[in-house]
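Close look at the chain arrangement
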Amino acid sequence: QELIDGLKHTFSFIVFDLPVADELTTCFPLAGQLDGVLLVMEENRVEGPVAKRACQQFANVGASVLGVVVNKQRAS
């Protein structure tokens, strides 16, 4: 928390690239200390229930999910 607070005094925006959001990761406690979270999901790899569970886990630690970025989307 001290590192985050120190960085907020120096920079307008701080971006953390956190590990995959699953039950085995440490990203949830850190996410609860941030202003917001953007979920990055690979198209056709992350299913709806998995995404909803991740959002719920972020909510459980007080993290605000700002939105979702879909990557590796195939062109039609």
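Description of the structure in this document. (Residues numbered from 1 in each chain as written. Predicted model: local features only at pLDDT ≥ 70, side-chain atom pairs only at ≥ 80, totals over all residues. Heavy atoms only, no water.)

1. With respect to the nonpolar core
Inside soluble globular proteins, nonpolar side chains tend to come together where they are buried. Cys27, Phe28, Ala31, Val37, Leu39, Met41, Ala51, Phe58 and Ala63 form the largest nonpolar core, which has 9 residues in total. Breaking this core down by element, the ones donating at least two residues are α2 (27-31), β1 (37-42) and α3 (48-60). Contacts of alanine 63, omitting those with residues within four sequence positions, involve Ala31, Gly32, Val37 and Phe58. (Core = buried A, V, L, I, M, F, W, Y, C linked by side-chain atoms within 4.5 Å. Buried < 20%, exposed > 50% of the residue type's maximum accessible area, 1.4 Å probe, protein only. Helix = DSSP H or I, 4+ residues; strand = E, 2+ residues; numbered from the N terminus. Contact = heavy atoms within 4.5 Å.)

2. Brief notes about the packing of aromatic side chains
Applying the stated criterion across every chain yields a total of 1 aromatic pair. A centroid spacing of 4.8 Å and a plane angle of 55° characterise the contact between phenylalanine 28 and phenylalanine 58, whose relative ring orientation is tilted. Taken together, the positions of phenylalanine 28 in helix α2 and phenylalanine 58 in helix α3 put the pair 30 residues apart, joining distant regions of the chain. With a relative accessible area of 8%, phenylalanine 28 lands in the buried category. With relative accessibility at 3%, the residue phenylalanine 58 sits in the buried group. (Phe/Tyr/Trp six-rings, centres within 6.5 Å; stacked < 30°, edge-to-face > 60°.)

3. Points about the pairing of strand β2 (residues 65-71)
Note: β1 against β2, 6 bridges, orientation parallel. Within β2, the position partnered with leucine 39 by the bridge is valine 68. In this fold, the crossover linking β1 to β2 by way of α3 has right-handed handedness. (Pairing = 2+ DSSP bridges. Right-handed = clockwise from strand over helix to strand, strands pointing away.)

4. Remarks on α3
Taking 1.5 Å as the rise per residue, α3 with 13 residues should run 18 Å; its terminal C-alpha atoms sit 18 Å apart, in good agreement. Listed in full, the buried residues belonging to α3 are Ala51, Ala54, Gln57 and Phe58. The arc that holds the buried residues of α3, viewed along the axis, is 120°, so those residues lie on one side. Of the exposed residues in α3, those oriented more than 90 degrees away from the buried face are Pro49, Lys52 and Asn60. (Expected span 1.5 Å × (residues − 1). Arc of directions from axis to C-beta.)

5. Structural notes on a nonpolar patch on the surface
Judged by side-chain polarity, Leu38, Val40, Leu66 and Val69 come together as a nonpolar surface patch covering roughly 390 Å² of accessible area. Along the polypeptide, valine 69 turns up in strand β2. Of the residues examined, valine 69 reaches a relative accessible area of 36% and is grouped as partly exposed. (Patch = residues over 30% accessible without salt bridge, like charges linked within 9 Å, V, L, I, M, F, W, Y side chains within 5 Å. Areas by Shrake-Rupley, 256 points an atom, 1.4 Å probe, with all protein chains shown as cover. Salt bridge = Lys/Arg side-chain N within 4 Å of Asp/Glu carboxyl O.)

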